[in-house]
Structure formats: structure tokens, C-alpha cells
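# Observations on the three-dimensional arrangement
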Amino acid sequence: MGIKGFVPVSLVDYPGNICSTVFFGGCNFRCPFCHNAGLVLEAAATADESLEEVLAFILRRRQLVPAVCVTGGEPTLAPELPAFLRRLKQAGLKVKLDTNGTRPEALRTLLAERLLDYVAMDVKAPRAKYGLLAGRPVDLQAVRASIELIRSVAPAYEFRTTVVPGLLTAEDLLALGAELAGSEKYVLQPFRPTHPLISPELEATPPCAASFLEEVAAKLREQIKVVEVRG
């Protein structure tokens, strides 16, 4: 479950901030469109980055890169995550966490300790399709608990959905909008075919049209304050 990748500088992983990005391995989902398949399927076979070396690098450059995005995989599965975040916050860094929302109690602990400045939760699909997009059965009560927790406690947040042609329709996205009504921010991300994906048959699937996403976003803005099409 350790750190499996590190990007020293990113301009896209933390809205409004220059950040470093830390990738934790391992995930409890098998999303067919996942572009980090190696972190999910081969985490145990991939050597860990030295946590101390990654921390030392981040701390040396914190005046130039004052934020960190912690992603995966699913970082809340990593036992070392809270201690890692404490070190970042003690150094005055801003922290964004990417999560699938399946571990609300872990999320609650991190938020209670004020270890997170921004939470981005991937909301895969409306309830009826969640297992299909997650690649396995999902505890929907846990997902809903995380949504409510983030909305009520997180200092800043976004929910986001990767729109995969053939798996999610406009009706699905509007149903998700109804489930997320009243949220501060919702992001639609177009699926991008890359190699390898967890489901190789999707590697030949073209992304949906930007006009489609903009049309759906316009309708979603009737229920959600900010709806952004990203990527």
C-alpha cells in the first residue's frame, strides 16, 4: 500500500495550486476505465518509493511548491497515510486528497484532525450502475456517508465523474446530479483511452464530444452551484 509514484510538480492536480503529487498503491475498486491500472493490479509487485525521501524532497521545496495532492489507487487504504499527512501539515503545506469515498470513517478521522484542505471524491455512477463502473460490488451506504461528510465538514471539495461513452448516458449524469443536488462543485471528466486500462476493450473507445459534456453541465447547474467540464 506504500507510495508507488511521485510527481514533483503538477499544475493540474490541485485546483488553484502548484503541487507535488504522491501516488499510493492498492485499490478496492476495479474500475474498467482506470488509467492507473498498475497501481491497482500490480501494487504489490511495484517497489515502494521511500516515504522519508519523498517527504524530504517535498519539505525542501515547500516555498516553491506549497501543496501536495495525495492520490492513488485509494490512499485511505494505506496505514501510513495519517502520519504522512501530519508531517505535511506540520510543515505548513496544503493537502488535497483524492478518494473513492468507500472508507468514510478513515475520511472522518483525517478531517477531524484537520489534515485535509481539499477533498476530491470520485462519484462513479448513479446507484443502479455503481457496481458496473466500480468493477465490483459497492457499499453504497458508505459512499453516501462520505458524500454527506465531505459536504458538511471538508474545508473545500469537489465531486467528479469520469464520463465513459457506452457506460454512462446523459440520463445517468442527470440522475447523479439529483443525488448531489446542493453540492458546491461537480466536475465532469471525459474518459481518455490510454494503455493499459483495467478493461483493455475500452482502449479503443473514443472520448465523448465536448459539446455533449457542456450540454449536460448546463442542465446540472440547475441543481449544483458549480459544474465544471475538465480535460
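Anyway, here's the lowdown on the structure attached to this text. Keep in mind that what you see is a predicted model, and the values were worked out from it rather than measured.

### Details of the sheet that holds strand β5 (residues 118–122)
- In space, the 8 strands of this open sheet follow the order β1-β2-β3-β4-β5-β6-β7-β8, with mixed pairing throughout. Each end of this open sheet is capped by a strand with a single partner; those strands are β1 (3–10) and β8 (226–229). If you compare each strand with its neighbour and ignore which way they point, the axes differ by 20° on average.
- In this sheet, strand β3 (residues 67–71) lies alongside strand β2 (residues 19–24) in parallel orientation, the contact comprising 5 bridges. The residue bridging F23 from the neighbouring strand is T71, located in β3.

### Concerning the side chain of E74
- Relative to the helices and strands, E74 is located in the loop between β3 and α3 (81–90).
- One buried charged residue, E74, remains without a salt bridge, the closest side chain of opposite sign being R103 at 6.7 Å.
- Polar contacts involving the side chain of E74 include one to the side chain of T76, which spans 2.6 Å.

### A look at the environment of N17
- With respect to the helices and strands, N17 occurs in the loop between β1 and β2.
- Given a relative accessible area of 16%, N17 falls into the buried group.
- Sequence spacing of N17 and C69 is 52 residues, and the spatial spacing of their C-alpha atoms is 9.8 Å.
- The contacts of N17, once residues within four sequence positions are left out, are S10, A67 and K94.
- A polar atom in the side chain of N17 sits 3.1 Å from the backbone oxygen of P15.

### Remarks on the packing of aromatic side chains
- Scanning the entire structure with this criterion turns up 4 aromatic pairs.
- Relative to F159, the ring of Y157 lies with its centre 5.2 Å away and its plane at 55°, an arrangement referred to as tilted. In terms of burial, Y157 and F159 fall into one category: buried.

### Examining the nonpolar core
- Residues L85 and Y186 are the most contacted members of the largest nonpolar core, which totals 63 residues.
- In contact with L85, not counting residues within four places along its chain, are V70, V95, L110, L115 and L116.
- Ranked by size, the runner-up nonpolar core spans 5 residues in total, among them Y14, A67, C69 and Y118.

### Considering the pairing of β3
- The buried fraction of β3 is high, at 5 of 5 residues.
- Burial along β3 is two-sided: the residues A67, C69 and T71 and V68 and V70 are all buried.
- Handedness of the crossover joining β3 and strand β4 (residues 94–99) through α3 is recorded here as right-handed.

Parameters at a glance
- Residues numbered from 1 in each chain as written.
- Predicted model: local features only at pLDDT ≥ 70, side-chain atom pairs only at ≥ 80, totals over all residues.
- Heavy atoms only, no water.
- Pairing = 2+ DSSP bridges.
- Helix = DSSP H or I, 4+ residues; strand = E, 2+ residues; numbered from the N terminus.
- Axes fitted to C-alpha atoms, helices over the stretch in contact; angles between N-to-C directions.
- Buried < 20%, exposed > 50% of the residue type's maximum accessible area, 1.4 Å probe, protein only.
- Lys, Arg positive; Asp, Glu negative; His and termini not counted.
- Salt bridge = Lys/Arg side-chain N within 4 Å of Asp/Glu carboxyl O.
- Polar contact = N/O pair within 3.5 Å; in protein donor to acceptor, adjacent residues only side chain to side chain.
- Contact = heavy atoms within 4.5 Å.
- Phe/Tyr/Trp six-rings, centres within 6.5 Å; stacked < 30°, edge-to-face > 60°.
- Core = buried A, V, L, I, M, F, W, Y, C linked by side-chain atoms within 4.5 Å.
- Right-handed = clockwise from strand over helix to strand, strands pointing away.

Honestly, that's just the spatial picture; any functional story needs more than this.
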